[in-house]
Amino acid sequence: MFRMTTSALALALLATPAMAETWRTWAIHPEGYPNVTALESFAEDVATATEGRIEPQVYPGGVLGAQPDAIEQLRAGAIAVGNFNMGPMGEIVPATNVLSLPFIFRDVDHMHAAMDGEIGQRFSDALSEAGIVALSWMDSGSRSFYNTKKPIMTPADMDGLKFRVMSNDLYVQMVDSLGGNATPMAYGEVYQSLKTGVIDGAENNYPSFESSNHYEVAKYYSITNHLIIPECICVAKSVWDDTSPEDQELVREAAIAAAEEQRQLWAERSDASRAQVSEAGVEINEVEDPMAFQTAMEPVYAKFIEANPDLEQLIRDIQAVE
Ligand code: GTR
């Protein structure tokens, strides 16, 4: 019988590369969207830096599931990593709901200043308790309402219109408080629902409005800028805990570099998408009195603080960031 000597066995083991681990990587957006391009860079960097020990494989277009479902898969470790929006995250990690309060950030710079500092760390801690490790923060601009019927100038124009919102009760309250009707729905169903008139409108940033083709059907985009929601590159905690500290460091560096790339690509894409939809005949309007939309959110804040008194300080701390 063939028997290896101890030294031959050691040599054979050395020559065998460690098993590459494939990380299923979730993305909702299509190929070419800034977040997906950045995730692809992340995947390449991780594979190179870990010498193939970790190989993230990006599945764009939400093929691994709609976002709320994908978040559950992430917590279960079935999806290893992905680019997630903090909106649908609120159903699982209550603290992240603070990021879904309309007008919580004055503008995108305010959001970055908060998320890149100590406040971002507080959200990371809350996510980590729910089994999710946030590695870096991406941009998603600001969201405004669009619809198939008419320009929205004042909250009264929303009366009687049905808007799709992401899966989070806060958005239902937001639309209700503005006088419209809200329907939570998966992102992937919005195009068809707009087309068939199941809904009259939705809300999103320019790149999503454009890449989802919603602009082909919804010809009125009204600049309310009511939500500025950060997105993360997040890893399943179970997967993270099985990763060596050295590789964790390499993955984190790649995620930070990818978020930087995404922010640059985002700024360009946002302008390009706005130009594209406008050329395609979308009427883009400023609202008459932006403050009217903001004031209408007072009951949403009051109810939220009543239900989450422990989060009031976090709201105040965000508002205080210069
Ligand atoms: C996009 C965001 C997605 C998803 C989508 C939606 O702006 O990047 O993660 O949340 O909006 O409206 O469902």
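How each quantity is defined
- Residues numbered from 1 in each chain as written.
- Predicted model: local features only at pLDDT ≥ 70, side-chain atom pairs only at ≥ 80, totals over all residues.
- Heavy atoms only, no water.
- UniProt positions renumbered as here; feature names shortened; annotations may be inferred.
- Pairing = 2+ DSSP bridges.
- Helix = DSSP H or I, 4+ residues; strand = E, 2+ residues; numbered from the N terminus.
- Axes fitted to C-alpha atoms, helices over the stretch in contact; angles between N-to-C directions.
- Contact = heavy atoms within 4.5 Å.
- 1 Å grid on protein atoms, 1.4 Å probe; cavity = no way out; pocket = protein on both sides within 12 Å on 5 of 7 lines; lining within 4 Å.
- Points joined across faces, edges and corners; volume = space filled by probe spheres on them.
- Nonpolar A, V, L, I, M, F, W, Y, C, P; charged D, E, K, R; others polar.
- Right-handed = clockwise from strand over helix to strand, strands pointing away.
- Disulfide = S-S within 2.5 Å.
- Buried < 20%, exposed > 50% of the residue type's maximum accessible area, 1.4 Å probe, protein only.

For the chain, an unreviewed UniProt entry supplies the name Dicarboxylate transporter DctP subunit family protein and the organism Salipiger bermudensis. For the record of the chain, the UniProt heading Subcellular location (unreviewed entry) holds the text "Periplasm".

1. Structural notes on the sheet that holds strand β10 (residues 231-236)
Reading across from one edge, β2-β1-β3-β10-β4 is the order of the 5 strands in this open sheet, with mixed pairing throughout. Sheet topology places β2 (54-59) and β4 (132-138) at the edges, where each strand pairs with a single neighbour. Between one strand axis and the next, the sheet turns through 25 degrees on average, direction left out of account. As judged from the 2 bridges shared by strand β1 (residues 21-26) and strand β3 (residues 81-85), these two strands associate in the parallel manner. Within the sheet, the bridge partner assigned to Trp26 lies in β3 and is Gly82. Contacts between helix α3 (residues 67-75) and the sheet are confined to β1, β3, β4 and β10, with β3 contributing the most and set at about 135 degrees to the helix.

2. Some details on the layout of surface pockets
Estimates place the volume of the largest pocket at around 270 Å³. At the level of secondary structure, the elements contributing two or more residues to the lining of the largest pocket comprise α3 and β3. Ranked by residues supplied to the lining of the largest pocket, first place goes to β3 with 3 residues. For the lining of the largest pocket, the residue count by class is 11 nonpolar, 10 polar and 3 charged.

3. Digging into the pairing of strand β7 (residues 181-184)
In the sheet, strand β6 (residues 162-165) pairs with β7 via 4 bridges, with the strands oriented parallel. In the strand pairing of β7, Val165 is matched with Pro184. Regarding topology, helix α7 (residues 169-178) serves as the crossover connection from β6 to the parallel β7, and that connection is right-handed.

4. Thoughts on the state of the cysteines
Between two cysteines, a covalent bond joining their sulfur atoms is known as a disulfide. Within the structure shown, the criterion is met by 1 disulfide. Here Cys232 connects covalently by a disulfide to Cys234, the sulfurs 2.1 Å from one another. In this structure the cystine formed by Cys232 and Cys234 twists about its S-S bond by roughly -125 degrees; its chirality is therefore left-handed. Note on Cys232: relative accessible area 0%, which makes it buried.

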